Amino acid sequence: MRPQNTLTDQRGLVERYDYGDETVVVADTSFADDRVSVDVVDGTAIVVVEGDEDAQHEIDLPEGEVARAFIKNGIVTVEVKR
């Protein structure tokens, strides 16, 4: 397995890991969990970081059914079943 770097910006890194029947998209926000939220709408993960200046990032997801999306230790993880 080799991660595919799909997006990089000054606020973090997004990587994609492809497995047999699943793709996992991981984004490191570097913020505390209570400042970050994630929602999935129409194949896009919307990550919102609250703070002095709120920021919103959109991450295109691969085709498939989103099994779950969660945040732990500032890491946003979206699991997509293919």
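Residues numbered from 1 in each chain as written. Predicted model: local features only at pLDDT ≥ 70, side-chain atom pairs only at ≥ 80, totals over all residues. Heavy atoms only, no water.

Novice: Can you help me understand the overall build of the protein chain in this one?
Specialist: Regarding its fold elements, the protein chain presents zero helices and eight strands. Going from N to C terminus, the protein chain has its helices and strands arranged as β-β-β-β-β-β-β-β. The proportion of buried residues among the 82 residues of the protein chain is 29%. Put simply, of all contacts in the protein chain between residues at least 6 apart along the chain, 38% involve residues at least 24 apart. Summed over its atoms, the accessible surface of the protein chain is roughly 5400 Å², and 42% of this surface lies on carbon and sulfur atoms. (Helix = DSSP H or I, 4+ residues; strand = E, 2+ residues; numbered from the N terminus. Buried < 20%, exposed > 50% of the residue type's maximum accessible area, 1.4 Å probe, protein only. Contact = heavy atoms within 4.5 Å. Areas by Shrake-Rupley, 256 points an atom, 1.4 Å probe, with all protein chains shown as cover.)

Novice: How should I be thinking about the nonpolar core in this particular structure?
Specialist: A general trend in soluble globular proteins is that nonpolar side chains are found buried together. Among the nonpolar cores identified, the biggest contains twelve residues, and these are Val 14, Val 25, Ala 27, Val 36, Ala 45, Val 47, Val 49, Ile 59, Leu 61, Val 76, Val 78 and Val 80. Elements with a contribution of two residues or more to this core: strand 3 (22-28), strand 5 (44-49) and strand 8 (75-81). Apart from residues no more than four positions distant in its own chain, Val 76 is found in contact with Val 25, Val 26, Ala 27, Thr 29, Val 36, Val 38, Val 47, Phe 70 and Ile 71. (Core = buried A, V, L, I, M, F, W, Y, C linked by side-chain atoms within 4.5 Å.)

Novice: Would you take a moment to explain the sheet that holds strand 5 for this structure?
Specialist: Either a parallel or an antiparallel arrangement is found when strands of a sheet pair, and the pairing is made through backbone hydrogen bonds. Reading across from one edge, 4-5-6 is the order of the three strands in this open sheet, with antiparallel pairing throughout. Two strands in the sheet have a free side with no partner beyond their single neighbour: strand 4 (36-41) and strand 6 (55-60). Within the sheet, the average angular offset between the axes of one strand and its neighbour, ignoring direction, is 20 degrees. Across six bridges, strand 4 lies against strand 5 in antiparallel orientation. Note on strand 5: the bridge partner recorded for Asp 39 is Ile 46. (Pairing = 2+ DSSP bridges. Axes fitted to C-alpha atoms, helices over the stretch in contact; angles between N-to-C directions.)

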